[in-house]
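Structural description and commentary
One-letter residues, chain by chain:
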Amino acid sequence: MEKRIVVTIGRQFGSGGRIVGKKLAEQLGIPYYDKELINLASKESGICGEFFEKADEKNSGSLLKALAMGFSMNNAIFQSNDYLSNESLFQIQSEVIRKVAAEGSCVLVGRCADYILRDEPDCVHVFISASWQDRVRRAMEYNRVPEKEAEEFLKKADKSRASYYNYYTDKVWGAAGSYDLCVNSSLYGIDRTVDFIRQFAGIDTDADR
């Protein structure tokens, strides 16, 4: 693929957004980043990945007790009585997102990547939703729980992701005006959703020519 393209994907839990992102990246032969961003942020900062995982797509507000003695970031040692806010963790992760996007084409899932890269050229920002029934089914399969538990999990996941996104951005999570493209994967299915994103972004692979 000759031209640089960065696709960010926001998604409801159970919408298949992660699967769509992986398939899109595989078809285009470009890097895919989701949980991988946590590993990169940990590596870049020297901060244990556990701290990023605890703050991952959760609403800020409380302070995390950052680092036990011995962890370092940018040659600065944090003592056991020091604290690192969720906002600081978000900033570190944001820098990683900007870095991987600057390096070339990629697919980024979640973590307010659309907002972080809002001023970057060659970016397409997508939000994927799905019917409640499909989402419950996927949540039941993913968590291996009965229907009622899956429904409660989805409600909490939606609230958590919305709070995280709305806190760190000046947009509204899941609102059409916050993205370039909103797709209901229940209407299209996973493969056709991938195709639709490619068509919208004007992306072709060498195999298509």
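All of the points below concern the structure found in this document.

Reading the values: rules and limits
- Residues numbered from 1 in each chain as written.
- Predicted model: local features only at pLDDT ≥ 70, side-chain atom pairs only at ≥ 80, totals over all residues.
- Heavy atoms only, no water.
- Core = buried A, V, L, I, M, F, W, Y, C linked by side-chain atoms within 4.5 Å.
- Buried < 20%, exposed > 50% of the residue type's maximum accessible area, 1.4 Å probe, protein only.
- Helix = DSSP H or I, 4+ residues; strand = E, 2+ residues; numbered from the N terminus.
- Contact = heavy atoms within 4.5 Å.
- Expected span 1.5 Å × (residues − 1).
- 1 Å grid on protein atoms, 1.4 Å probe; cavity = no way out; pocket = protein on both sides within 12 Å on 5 of 7 lines; lining within 4 Å.
- Points joined across faces, edges and corners; volume = space filled by probe spheres on them.
- Axes fitted to C-alpha atoms, helices over the stretch in contact; angles between N-to-C directions.
- Parallel < 35°, antiparallel > 145°, perpendicular 65-115°, else oblique.
- Phe/Tyr/Trp six-rings, centres within 6.5 Å; stacked < 30°, edge-to-face > 60°.
- Lys NZ or Arg CZ within 6 Å of the ring centre and 35° of its normal.
- Pairing = 2+ DSSP bridges.

Judged by nonpolar contacts, the single largest core of 22 residues is most densely connected at Val6, Leu37, Ile97, Leu108, Cys112 and Leu117. Residue assignment for this core shows that the elements contributing at least two residues are helix H4 (86-103), strand E7 (106-109), helix H5 (113-116), strand E8 (123-129) and helix H7 (147-168). No other element matches the five residues that H4 contributes to this core. If sequence neighbours within four positions are ignored, Ile97 has contacts with Leu37, Leu108, Arg111, Ala113, Ile116 and Leu117.

Let us now look at helix H1 (residues 17-28). An ideal rise of 1.5 Å per residue puts 16 Å on 12 residues; H1 measures up with 16 Å between its terminal C-alpha atoms. Along its buried surface, H1 packs onto strand E1 (6-11), strand E2 (32-33), E7, E8 and helix H8 (185-201). Positive phi shows up at Gly29, right after H1, with a value of about 65 degrees.

What follows deals with the layout of surface pockets. Volume-wise, the second largest pocket comes out at about 260 Å³. Together, 13 residues line the second largest pocket, and Gly14, Gly16, Ile19, Arg138 and Tyr142 are the ones closest to its centre. Sorting the residues of the lining of the second largest pocket by element identifies H1 and helix H6 (132-143) as the ones contributing at least two each.

Two elements in contact, H6 and H7, have axes separated by 9 Å at closest approach and are oriented at 105 degrees. Looking at the two axes, H6 sits roughly perpendicular to H7. Taken together, the residues of H7 that come into contact with H6 (itself represented by Trp132, Arg135, Val136, Ala139, Met140 and Asn143) are Glu147, Ala150, Glu151, Phe153, Leu154, Lys155 and Asp158.

The terminal C-alpha atoms of H4, which comprises 18 residues, lie 26 Å apart, in line with the 26 Å expected from a rise of 1.5 Å per residue. Listed as buried for H4 are Asn86, Leu89, Phe90, Ile92, Gln93, Ser94, Val96, Ile97, Val100 and Ala101. Looking one or two residues beyond H4, the residue adopting positive phi is Gly104, at roughly 155 degrees.

Turning to the packing of aromatic side chains, a few remarks are in order. What the rule picks out here adds up to 10 aromatic pairs. Within the aromatic cluster, the residues linked to one another by ring pairs are Phe90, Tyr164, Tyr167 and Tyr168. Over the ring of Tyr115 we find Arg118; its NZ or CZ atom is 3.9 Å from the centre of that ring.

What follows concerns the pairing of E8. Within E8, six of the seven residues are buried, which leaves the element mostly enclosed by the surrounding structure. By the bridge criterion, six bridges tie E1 to E8 in an arrangement that is parallel. Within the sheet, the bridge partner assigned to Ile9 lies in E8 and is Val126. Looking at chain direction, E8 and strand E9 (residues 181-184) are connected through four bridges and run parallel. Residue Phe127 lies in a different strand from E9, and its bridge partner there is Cys182.

The next point concerns unusual backbone geometry. Despite not being glycine, Asp122 has its phi angle at roughly 60 degrees, a positive value. The topology assignment puts Asp122 in the loop between H5 and E8. A positive phi angle, near 55 degrees, is found at Arg144, a position not held by glycine. In this structure Arg144 comes out as exposed when scored by relative accessible area, which is 77%.

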